[in-house]
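Coordinates in review
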Amino acid sequence: MTDSESHSRFYPLNFNAITNEPYLRLPSPHDNIIITPQRLSDAEEIVPILNDEKVYMTLLGPPFPYTIGDAHPWLLKGKQESDALLAELAENHSTHAVGGCPVNILREVQEDGSDVYLGSVDLHRCRWFHVPHSDEKLAMIKANEARTAGDPAITWEFGDYLASSHHGRGIMSAAIGVVLRQWAIPRMRVRHMSVTAFQSNPASVRVFEKNGFILKGIVEDCVDMQESKGGGKTGLHVLEWSMAEM
Ligand SMILES: CC(C)(COP(=O)(O)OP(=O)(O)OC[C@H]1O[C@@H](n2cnc3c(N)ncnc32)[C@H](O)[C@@H]1OP(=O)(O)O)[C@@H](O)C(=O)NCCC(=O)NCCS
């Protein structure tokens, strides 16, 4: 197999000429930002970002305070998942539908060629955070998980964050657009998404709206805030996207 045949299986991923790390590049004016897999060496750069109030207060998932000990298993798992997806791509024809996106970390490439960790944009099977816990919800999640890769009936969600030094420049809007249009739609056959954003997070709502998501409403007081973030309940915006609505 020639290099170009092997690389077409990875399309539209690019590969770093020195490290062979795969990446997607954001369009101009953000073309100095690339999306790569997680690296085990990222831990020290993640910790200050996820301990920044402008980031952690609108995130449901990561623990707070966030420590190096939290970062290491997340990086290891992400790296293993990315490696498995790349191995799957290497073995299959370019029309094969894959079950995930092998790149998820936003990095700003510096003039000397080094790069700085900026945040992440992750695609997951939907967990419907705004729906109250019930047997029906568990069954819905289980059925969604059980669908095989490439099944257009799967509902997906995004989770994302960006270092506050880079908020408000259009970076996450561009990143979601790249992952959705360059990877999720053509390579994973993603056709339906349901995402949530805290009631207090109009910027995240706007990012999704700019990418064709439709705001369906707000579910008040539907999630518990971690005690370390002040506790209490918060509401979630719910947005949906379907291929036909683009
Ligand atoms: C939410 C987040 C990812 C947005 O990333 P970003 O790169 O700053 O977003 P962009 O610059 O691409 O777009 C932000 C949009 O929100 C708008 N916006 C920002 N603050 C706003 C506000 N208070 N009210 C209304 N719109 C607002 C901006 O004007 C922009 O829209 P525009 O391009 O139409 O002007 C980023 O702020 C972040 O990481 N926040 C912390 C973590 C988080 O909330 N993650 C999402 C969890 S669902």
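In case you missed it, the structure is sitting above this.
Report on the accompanying structure. (Residues numbered from 1 in each chain as written. Predicted model: local features only at pLDDT ≥ 70, side-chain atom pairs only at ≥ 80, totals over all residues. Heavy atoms only, no water.)

**With respect to the site of the ligand**
Around the ligand lies a shell of 23 residues, among which T58, D160, S173, N201 and K210 are the nearest. Between an oxygen atom of the ligand and a side-chain N or O atom of R206, the distance comes to 2.9 Å. A distance of 2.5 Å is found between an oxygen atom of the ligand and a side-chain nitrogen or oxygen belonging to K210. For the ligand, whose unbound accessible area comes to 950 Å², protein coverage reaches 71%. (Near = heavy atom within 4 Å. Polar contact = N/O pair within 3.5 Å; in protein donor to acceptor, adjacent residues only side chain to side chain. Areas by Shrake-Rupley, 256 points an atom, 1.4 Å probe, with all protein chains shown as cover.)

**Quick word on the packing of helix α6 (residues 171-188) against helix α7 (residues 202-210)**
Close contact between α6 and α7 brings their axes to 9 Å; oriented N to C, the two are set at 40°. By the angle between their axes, α6 is oblique relative to α7. Of the two possible hands of crossing, α6 and α7 adopt the one that is right-handed. Here M172, S173 and I176 of α6 lie close against α7, whose contacting residues are V207, F208 and K210. Residues belonging to the contact of α6 with α7 are distributed by class as follows: 4 nonpolar, 1 polar and 1 charged. (Axes fitted to C-alpha atoms, helices over the stretch in contact; angles between N-to-C directions. Helix = DSSP H or I, 4+ residues; strand = E, 2+ residues; numbered from the N terminus. Parallel < 35°, antiparallel > 145°, perpendicular 65-115°, else oblique. Left-handed = near helix turned anticlockwise from the far one by under 90°. Contact = heavy atoms within 4.5 Å. Nonpolar A, V, L, I, M, F, W, Y, C, P; charged D, E, K, R; others polar.)

**Notes on the sheet that holds strand β6 (residues 155-162)**
Pairing in this open sheet of 9 strands is mixed, and the strands run β1-β2-β3-β4-β5-β6-β7-β9-β8 from one edge to the other. Where the open sheet ends on each side, the last strands, each with one partner, are β1 (14-15) and β8 (214-224). Alignment of β6 against strand β7 (residues 192-198), held across 2 bridges, turns out to be parallel. Of the residues in β7, the one forming a bridge with W156 is M193. Docked against the sheet, helix α2 (residues 43-50) engages β5 (115-125) and β6, running at close to 75° with respect to β5. Those strands touched by α7 are β6, β7, β8 and β9 (233-242), and its axis lies near 5° from that of β9. (Pairing = 2+ DSSP bridges.)

**Here we look at the environment of P152**
Tracing the chain through its elements places P152 in the loop between α5 (135-146) and β6. The exposure class assigned to P152 is partly exposed, which follows from its relative accessible area of 44%. The sequence separation of P152 and R189 amounts to 37 residues, and the corresponding C-alpha distance is 5.9 Å. When residues no more than four places from it in sequence are discounted, the contact partners of P152 are R189, R191 and H192. (Buried < 20%, exposed > 50% of the residue type's maximum accessible area, 1.4 Å probe, protein only.)

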